[in-house]
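The chain contents come next:
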Amino acid sequence: MSRYEENLWIITRDNLFALMEVFIKTREVIAPVRGHGGEVIFYPIETIEDVAWDWQYVNAVLPPKRFFLPQTEVMFEYRHDNSYKITPHYDDQVRMIFGIRPCDVNALIFLDRFFGGGSLSKESTDEEPLFPDSHYIKRRANTFIIAFGCHQPGENCFCVCCDAGPFLEEDYDLQLTSMNADYVVEVGSARGLKIIYGNEHFFRKASSDEVKELERIKEGALNTFADTCAYVSKAIRRITEGKVDDSLWEELAERCLDCGGCSYVCPTCCCYNIVDIALSDKSGIRTRTWDSCAFAGFTRIAGGEILRSDKKDRLKRRFFHKLSYRYIEKNKRHGCVGCGRCITTCFADISMPSVIEAVRRQ
Amino acid sequence: MKDVLTTCAFCGCGCGLYLQIEKGYVTGVTPSQRHPVSRGRLCARGWHIYEFVHHPDRLKKPLVREGGAFREVDWREALDMVAKNLIGIKDKYGSDSIGVIASPKCTNEDNFVLMKFCRAVLGTNNIDNGASLYDSASLPGLMQSCGFGASTNSLNELEDTEVILAVGTDTTQTHPQVASRITRAISSGATLIVIDPQKTKISSFANVHLRLKQGTYVGLINGIIHIILKEGLINEKDVSRATSNLDSLKKMVEKYTPDYVSELCGISGSDLAKAARLFAKADKAMTVYSTGATAQAAGKDIVCALANLALLCGHLGRPHNGIITLQEQNNALGAADMGTLPDFYPGYQPVNSETERAKFESEWNTKLPAKPGLSILEMLSPGRLKALYIMGENPLITAPDVGLTSETLDGLEFLVVQDIFQTETAEFADAVLPAASFAEKDGTFTNIERRVQRVRAAVSSPGEALPDWKIITELSKRMGYTMDYGSPAQIMEEISHLTPIYTGISHKRLDEEWGLQWPCPDKEHPGTGVLRRDFYEGPKAIFPLIEQNGKGKEHFTPVQDIPLMEPPDAQYPFTLTTGSLYWHWHSGTMTRRSATLSREYPDVFAAINPQDAEQLGIRKNQRIRVISKRGEMETAAMITDRVQVKTVFIPQHYKNTASKVLLNPSSFTNAKASEMFCAVRVEPVMKI
Amino acid sequence: MKDVYYPDIALIDTVRDETGDVKTLRMRFKNPDTQKNLSYRSGQFFEVSIFGIGEMPISITSTPSRKAFFELSVKNVGLVSAALHRLPTGSEVGIRGPFGNGFPYEEVFGKNLLFVGGGIGLAPLRSLINNVLDNRDNFGKVIILYGARTPGDLVFKDEFKWWESQPDVTMLLTVDRGDEKWTGNVGVVTTLFPRAGIMSKNAVAFVCGPPVMIPFVIRDLLELGFTDDTIISTLERHMKCGVGKCGHCCIGHKYVCIDGPVFTYHEMKVMTE
Ligand SMILES: Cc1cc2nc3c(=O)[nH]c(=O)nc-3n(C[C@H](O)[C@H](O)[C@H](O)COP(=O)(O)OP(=O)(O)OC[C@H]3O[C@@H](n4cnc5c(N)ncnc54)[C@H](O)[C@@H]3O)c2cc1C
Ligand code: SF4
Ligand code: SF4
Ligand code: SF4
Ligand code: FES
């Protein structure tokens, strides 16, 4: 994949601002912004000044997943006059996500494969999906992504152990990395290159010194990770082979508060419920809403029986789904991108790193 | 797309969350990462709080009763009709024939305006709020003992304390944020003592779980105090410096010897001693308690006993040492702060004090009644009132006796209910006024750690629904008294002007921070995390009560145990208790309309111990009948050792409020506290 | 791209009461082309929508060998099923599918077939049974064993005569509890095994019924010489999407809605929650 050197460009901060102002006029631009009390959330920006330019923050609690699979989305609307008429709802907002991090890009590629059959940032998908999810695919097609390499990973990050960062190597359009006062731009796709050529006056080619400097930055970033998750593959093997003793899950189950947060904040979790809402006798909507395998009701069948009623089985399920080789085979990677969000959001301090560590110790 | 930062309305923790708005609809939530309570976490209720907001059942137009049915009318007609009737009743029977029930779910601003309306316009002190049904104990109990009827410390302090004493609280179900702080504390080495008849999720972490007989809390705590005194474990310095009345406490607990207490409570004497020593010897210890302790006739005594214990050991009034009272409703404390109480103006300024009354009379430019009003239980007793104005409360489900409550509501000449859904109570109303939900209005809630925080309008209300404060000001105008507020921020200005503990609070300041913890006596004051001793000795004006009964000192309030109102007997050998489930909240009006939350427990059930189940031949999910002296209900059995032997637990959130049919009406005659226990018999329903 | 969540409209032509709480609905797609192009395997299911209430998975109980309509048998157990039971003939419902893998059919040509059904579990089997009997020559001996709680809970009673009358078919019924009129066998379905003349050689067993029944049936079948691969059953899980996306039906690494609901005992044995 090394079209690397000829695809390296430089854009100055001022030019980047100018370029972004162009985009802001033509589409909804989402970027990490500082909300109340300085916390970071992904939010539509009005001017480029809104972006959290220092890039120094723990990942926003919610990943950009919500722009592709919102917590609630209307799938269709129905009306009954003499007969049922069904009108599907699709989100056709043109968007750009600016400043998305490599872990989240990798998570999107994971979702692309799951909902659409292959990576949707490529021009053609790898394979025909069995049941393509048109709601997801439409949103994804309408969204252009500019990623930001992480020269300074956050304190909860462990993407490096999950083959998901701190820099993207493939499957992206444009990746920016700050270098001194400017940004290095890596081009990962023809779509990305089109942007450069369409706005060539903003960019210049990187010099060979700058190429070297970028490598140094990348090396430097690698050294900032704590070695929390050096045992991912061990966890994968033991979980796949069923060699993790139930006592671990039992122990965690004692503390889990069934909040569902772990699924909701995880950028690769995508289970959903389907709920009809009657708005009148004759009309209504069908919605889908985020759901979580943490809930007992997730497997409730008529008559009241809950198939996965034991909390320990639900936790086991989560980590089996994330890490088991059976799923890696299906999804072409394991289901954790090392974003660290579950560390933030779990009431019980059950997170991917803590479980991997516990599996190792067991 | 828009995200609006606001405060969760599903429990007293008061998490910060963003509502996600898409095309005028709330479509999801994002937890606030830096908010001191949520810290990036929400419980299942918080994550799904948006699901009820746009529910098709939301009230959209005012309704007035005509014959047997409701008719939709416009606001003008509805308000004219309500004003006319209230004026008529006031003229005919006098002000004190009208009562007002305020809401621990509504904002401070809503409650303040309603309180003002009640006192200044209706001319009565008959006002109380729904939280008093569960916890009429903390306020007088803590007030008597430590000056304020509120938690003394902040939630985050729990993580760094050494010993946590958790009393009558199924914390994971009701206050997940508190529970997670408790488990975190345990992970970093803290000790947990649980006093609770039930097994709960947190009790599994307890170093000592005192599984006492229902109704013997006071005896048990006195027993602990007895041991502490006997073994000389009291914190001499604190006790002599800052407290009064130790001698009478000593005398009171004399009879609570370990033998006596272990017999009374059904626990082991060594566990009791272990708990006493752990608590007393700790350098830092905090007490948390909840409705399991307060929703009974002895509630206030239990609170006093806990305060005695904490004072005695010096576990009060210092960082990581204090009492946290876990009110379930999101704004239970705020509603009380706003003076929706029969005997207090905002900020706990007594109505029977000349000076306070004079202050409010001159500010409000009207005469105010001096006599304290009726409590909520008194108001809900048949025959006490002619008219009732209920804002955001559903007493038919939440009050302990559905029979008596419906008799009362039936007997009223005029009933107004202001709510977001057509509740069971609203079915009795003469006028139903559609109100805005928390997602549709501006204002403030005050959480269990006294943190006053912003609630922000994120979407417009369905149909013609209006914020509660707005409805009341419109009504007030029609009754000849103008309240001219342009916005809730202006209401807050009046609140802070009249309420010493809120003096420094304004919406502007709250917008800049993560809320402010009262007492906040001036515009620069950063708020008060710990109600400290030195603070008590500070500006006296803020603490009229301390002044009154403690001479600036905290006070021991000796109490003794009283039996349950209706102890089990041979014919009714089980004790029925009721309480909350994690998945539902309060009367369930909102959570039962959330697809995700209601999926967990779609129907009511009765939980019994496996031992009893076996004895009675009851299988999982089998239909059983629960029978009390007053009524019976049929429901499905859940079998779990979380409930004690000879105990039945029925959650409170469901429409067939059958558990209420069974509860004890004597709590109404006693009338100051409701008791959520009674004696019942359990039998399987024969299969036909 | 077809939206996999978009239901087609079907009309209820007739409703037949099978038992007190089971109805069989004969339906066809409103759009004649959709009906004409409908093809499915026995053992597949539809996601049935009652708009405003919800959606539920229901096995197609009619046989693909008979066109022009399809049939669903539905037990009234909850919100959606109750709403479906309330609909009069002529009503419209939403249908997505067919989904799921379906029973092996061509694969069992020439084999002896044993069907063991319990309660409403006969619904998916009925599709296969009729499909087999409509193409009788392709298969060996057929044994149908069916049990229900009471005589009143037996479904598809109208068809038993025809099944029995087909060449080389053994059909035995049983109930857990009889009534005055019941003269047949009383006991769980496995009590029929000794009398049915079952031979495991060149045979495949199809087992559908309530979860409590399955383990006992499988145990006895194994004793009779069936193997993990010749015992075929279906799994019931909470389902929403039917297309392998919503995650509800997952067990182990299988999505029951696309990898199932039909599994060999061999596959089921290794599944864990
Ligand atoms: C592959 C498959 C085939 C089925 N075939 C039939 C059939 O032919 N006849 C029949 O009567 N029943 C069948 N069932 C069971 C049927 O799907 C449930 O009885 C039905 O979903 C109950 O829905 P409800 O809304 O009435 O119940 P509620 O208890 O109100 O359920 C609410 C929702 O939960 C989900 N759900 C609940 N129970 C089940 C369940 N057992 N399986 C899957 N999802 C569930 C559904 O989405 C349902 O709409 C089948 C189930 C599966 C998985
Ligand atoms: S499991 Fe945790 S760290 Fe991994 S992707 Fe999900 S939220 Fe991020
Ligand atoms: S985030 Fe933690 S507490 Fe919440 S469901 Fe997941 S594991 Fe349980
Ligand atoms: S803990 Fe309480 S305040 Fe926080 S999200 Fe849950 S219900 Fe809301
Ligand atoms: S039903 Fe949705 S994944 Fe199977």
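**Quick word on the domain arrangement of chain C**
All names here are of chain C.
- Annotation of chain C at the domain level lists domain 1 (8-99) and domain 2 (106-234).
- Placing the centre of domain 1 and that of domain 2 at their C-alpha centroids yields a distance of 24 Å.
- Facing 19 residues of domain 1, the contacting portion of domain 2 comprises 21 residues.
- Considering only the side of domain 1, the residues that lose the most area to domain 2 are Glu 18, Thr 61 and Arg 66, jointly responsible for 30% of the buried surface there.

**As for the site of ligand 4**
Residue and element names in this part refer to chain B.
- All residues in the neighbourhood of ligand 4 are listed as Cys 8, Phe 10, Cys 11, Cys 13, Gly 14, Cys 15, Leu 42, Cys 43, Arg 45, Gly 46, Pro 176 and Gln 177.
- Listed by contribution, the elements that provide at least two residues to the shell around ligand 4 are α1 (44-47) and α6 (176-187).
- A class-by-class count of the residues in the shell around ligand 4 yields eight nonpolar, three polar and one charged.

**Details of the nonpolar core**
- Of all hydrophobic cores here, the largest spans 254 residues; its most connected members are Phe98(A), Leu86(B), Tyr348(B) and Tyr389(B).
- In this view, Tyr389(B) contacts Val82(B), Leu86(B), Gly99(B), Val100(B), Ile101(B), Leu114(B), Val416(B), Gln418(B), Leu433(B), Ile471(B), Ile472(B) and Leu475(B); residues no more than four positions away in its chain are not counted.
- In this structure, Leu165(B), Cys265(B), Ala285(B) and Tyr289(B) belong to the second largest nonpolar core, which totals 54 residues.

**Here's the deal with the sheet that holds strand β9 (residues 182-187) of chain A**
Residues and elements named next belong to chain A.
- Taken together, eight strands build an open sheet; the order of strands is β3-β2-β6-β7-β8-β9-β1-β10 and the sheet is mixed. Looking at which strands have only one partner, the edges of the open sheet turn out to be β3 (40-44) and β10 (203-205). Between one strand axis and the next, the sheet turns through 30° on average, direction left out of account.
- Bridge analysis of strand β1 (residues 8-11) against β10 gives three bridges, and the strand direction is antiparallel. By the bridge assignment for β10, Ile 10 is matched with Arg 204.
- Here helix α4 (residues 190-198) sits on the sheet and contacts β1, β7 (143-148), β8 (174-179), β9 and β10; the angle it forms with β9, its principal contact strand, is near 135°.

**With respect to the pairing of strand β3 (residues 25-31) of chain B**
All names here are of chain B.
- In terms of burial, β3 is a largely internal element, six of the seven residues being buried.
- Where strand β2 (residues 16-22) and β3 come together, six bridges link them in antiparallel fashion. Note on β3: the bridge partner recorded for Leu 17 is Pro 31.

**Description of the packing of helix α7 (residues 217-230) of chain B against helix α10 (residues 258-265) of chain B**
Residue and element names in this part refer to chain B.
- Running from N to C, α7 and α10 point in directions that differ by 160°, and their axes come no closer than 9 Å. With respect to α10, the element α7 is oriented roughly antiparallel. Once α7 is placed against α10, the crossing between them reads as left-handed. Here Gly 219, Leu 220, Gly 223, His 226 and Ile 227 of α7 lie close against α10, whose contacting residues are Pro 258, Val 261, Leu 264 and Cys 265.
- By residue class, the composition of the contact of α7 with α10 is six nonpolar, three polar and no charged.

**As for the interface of chain A and chain B**
- Taken together, the 49 residues of chain A in the interface contact 50 residues of chain B.
- Surface buried jointly by chain A and chain B totals about 3900 Å² across both partners, of which 49% is contributed by carbon and sulfur atoms.
- Area buried by chain A at its contact with chain B is led by His36(A), Glu39(A) and Phe347(A), which between them contribute 19% of it.
- Here chain A and chain B share four salt bridges between them.
- As a salt-bridge pair, Asp3(B) and Arg66(A) come within 3.0 Å of each other at their nearest N and O atoms.
- Between chain A and chain B we count 29 residue pairs in polar contact (both at pLDDT 80 or more) in total.

**So, the site of ligand 2**
- Surveying the vicinity of ligand 2 reveals the residues Phe158(A), Cys266(A), Pro267(A), Arg318(A), Cys336(A), Val337(A), Gly338(A), Cys339(A), Gly340(A), Arg341(A), Cys342(A) and Met352(A).
- For the shell around ligand 2, the per-class residue count stands at eight nonpolar, two polar and two charged.

**As for the state of the cysteines**
Residue and element names in this part refer to chain A.
- By the definition in use, this model includes zero disulfides over all chains.
- Cys 150 forms no disulfide, and the closest cysteine sulfur to it belongs to Cys 159, at a distance of 6.3 Å.
- With a relative accessible area of 8%, Cys 150 lands in the buried category.

**Notes on the domain arrangement of chain B**
Residue and element names in this part refer to chain B.
- Domain annotation of chain B identifies domain 1 (63-133 + 330-505), domain 2 (138-325) and domain 3 (574-684).
- Taking only C-alpha atoms into account, the centre of domain 2 sits 27 Å from that of domain 3.
- Between domain 2 and domain 3, a total of about 1300 Å² is buried, with carbon and sulfur atoms accounting for 47% of that surface.
- Ranking the residues of domain 2 by area buried against domain 3 places Gln 173, Gln 198 and Lys 199 at the top, with a combined share of 36%.
- Across the domain 2-domain 3 interface, the total number found is one salt bridge.
- For the salt bridge of Lys 199 with Asp 641, the shortest nitrogen-to-oxygen distance reads 2.6 Å.
- In this structure, the connection of domain 2 to domain 3 is made through seven residue pairs in polar contact (both at pLDDT 80 or more).
- With three residues, the top contributor of residues to the side of domain 2 that touches domain 3 is helix α5 (residues 171-174).
- Its residues assigned to classes, the side of domain 2 that touches domain 3 comprises six nonpolar, eight polar and three charged.

**Describing unusual backbone geometry**
- Cis geometry is adopted by the peptide bond preceding Pro98(C), which originates at Gly97(C) and carries an omega value of 5°.
- Here the bond from Gly260(C) into Pro261(C) is cis, since omega is 0°, no more than 30 degrees from zero.
- Mapped onto the elements, Pro261(C) comes out in the loop between α6 (256-259) and β15 (262-264).
- Non-glycine residue Asp163(A) carries a positive phi angle of around 55°.
- Structurally, the position occupied by Asp163(A) is in the loop between β7 and β8.
- According to the relative accessible area criterion, Asp163(A) is exposed, its value standing at 64%.
- In the Ramachandran plot, Arg39(B) falls in the positive-phi region, its phi being about 45° despite a non-glycine side chain.
- Structurally, Arg39(B) can be placed in the loop between β3 and α1.

Conventions used here
Residues numbered from 1 in each chain as written. Chains lettered and ligands numbered in written order. Predicted model: local features only at pLDDT ≥ 70, side-chain atom pairs only at ≥ 80, totals over all residues. Heavy atoms only, no water. Domains from an automatic or database assignment. Contact = heavy atoms within 4.5 Å. Buried area = accessible area lost by both parts, 1.4 Å probe. Near = heavy atom within 4 Å. Helix = DSSP H or I, 4+ residues; strand = E, 2+ residues; numbered from the N terminus. Nonpolar A, V, L, I, M, F, W, Y, C, P; charged D, E, K, R; others polar. Core = buried A, V, L, I, M, F, W, Y, C linked by side-chain atoms within 4.5 Å. Buried < 20%, exposed > 50% of the residue type's maximum accessible area, 1.4 Å probe, protein only. Pairing = 2+ DSSP bridges. Axes fitted to C-alpha atoms, helices over the stretch in contact; angles between N-to-C directions. Parallel < 35°, antiparallel > 145°, perpendicular 65-115°, else oblique. Left-handed = near helix turned anticlockwise from the far one by under 90°. Salt bridge = Lys/Arg side-chain N within 4 Å of Asp/Glu carboxyl O. Polar contact = N/O pair within 3.5 Å; in protein donor to acceptor, adjacent residues only side chain to side chain. Disulfide = S-S within 2.5 Å.

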